[in-house]
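The chain contents come next:
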Amino acid sequence: AQSVTQPDIHITVSEGASLELRCNYSYGATPYLFWYVQSPGQGLQLLLKYFSGDTLVQGIKGFEAEFKRSQSSFNLRKPSVHWSDAAEYFCAVGPPSHYKYIFGTGTRLKVLA
Amino acid sequence: GAVVSQHPSRVICKSGTSVKIECRSLDFQATTMFWYRQFPKQSLMLMATSNEGSKATYEQGVEKDKFLINHASLTLSTLTVTSAHPEDSSFYICSARDRLGSNQPQHFGDGTRLSIL
């Protein structure tokens, strides 16, 4: 069955610390992979996406993610977190047609001053 | 970048009222739009896929007579919650994908908070 797992429901980091949010997926073929961020009461903003090629992808706001086929993972990283990064982060997978994304349950990031 | 506008952002109304939510792609054309529902502190649940010029495709368990979807143009899809009741209160989010070009991701609106009294 197709699924996306974000093992960490909540993560708290201090401002300036590094961050890694985990995402594992189960999919029949190599899917397209995405990370979205959602601020409270807002929609989703695309941080980055992976379709093919270089497995390390750069996104907006200083985020990057690495696709590891052998581990079925697509973890999101940021070297130095800012207070404004506090939000909910969703990993998603989908077919090349971009039809029916499957979303993870989300990771809520709290940033301590 | 691609912008999706969703309106209204918040609706509070009485039980039994029908509520229409609009989703517009502002700078691109979308043959396909998606409607999601999000419960508090949960992930997004796909409700239906809106197809321009044809009937929407509903996910299992979603009542099509309850959640009417119309995709009348390449830039507009509407979701109407008919005879809304308190259990319909939720956060509804739409997304759209640019019909031109390959590898176009879904772009999301800012959501509509629906509260039924």
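Everything below is about the structure printed above this text.
Residues numbered from 1 in each chain as written. Chains lettered and ligands numbered in written order. Predicted model: local features only at pLDDT ≥ 70, side-chain atom pairs only at ≥ 80, totals over all residues. Heavy atoms only, no water.

S.K.: Now, about the sheet that holds strand 3 (residues 19-25) of chain B: what can you tell me, with residues and values included?
M.R.: Residues and elements named next belong to chain B. Overall, antiparallel pairing links the four strands, which are arranged 1-3-8-7 in an open sheet. Looking at the sheet topology across the chains shown, the edges are occupied by strand 1 (4-7) and strand 7 (67-73). Strand-to-strand twist in this sheet, taken as the mean axis angle between neighbours without regard to direction, amounts to 15°. In this sheet, strand 8 (residues 76-81) lies alongside strand 3 in antiparallel orientation, the contact comprising six bridges. (Pairing = 2+ DSSP bridges. Helix = DSSP H or I, 4+ residues; strand = E, 2+ residues; numbered from the N terminus. Axes fitted to C-alpha atoms, helices over the stretch in contact; angles between N-to-C directions.)

S.K.: Explain the state of the cysteines to me, and be specific about the residues and the numbers.
M.R.: Where two cysteines share a covalent bond between their sulfur atoms, that bond is called a disulfide. Following the criterion strictly, the structure yields two disulfides over all chains and no others. With a sulfur-sulfur separation of 1.9 Å, C23(A) is cross-linked through a disulfide to C91(A). As the torsion about the S-S bond is roughly -65°, the C23(A)-C91(A) disulfide counts as left-handed. In this pair, C23(A) sits in the loop between strand 3 (19-21) and strand 4 (24-26) while C91(A) sits in strand 10 (residues 87-94), placing the two residues 68 residues apart along the sequence. C91(A) matches C23(A) in its accessibility class, with the two residues each being buried. The disulfide that involves C23(B) links it to C94(B), with 2.0 Å between the sulfurs. Looking down the S-S bond of the C23(B) and C94(B) bridge, the torsion is 80°, so its handedness is right-handed. Taken together, the residues C23(B) in strand 3 and C94(B) in strand 9 (residues 90-97) connect sequence positions 71 residues apart. A relative accessible area of 0% places C23(B) in the buried class. Cysteine C13(B) is unpaired, with the sulfur of C94(B) as its nearest cysteine sulfur at 18 Å. (Disulfide = S-S within 2.5 Å. Buried < 20%, exposed > 50% of the residue type's maximum accessible area, 1.4 Å probe, protein only.)

S.K.: Outline the pairing of strand 5 (residues 44-51) of chain B, supporting the account with residue identities and numerical values.
M.R.: All names here are of chain B. Most of strand 5 is tucked away: seven of the eight residues are buried. As paired elements, strand 4 (residues 32-38) and strand 5 share seven bridges and run antiparallel to each other. Looking at strand 5, one finds that R37 is bridged to M45. Here strand 4 folds back onto strand 5 in antiparallel fashion, the turn holding five residues, of which K41 has a positive phi close to 60°.

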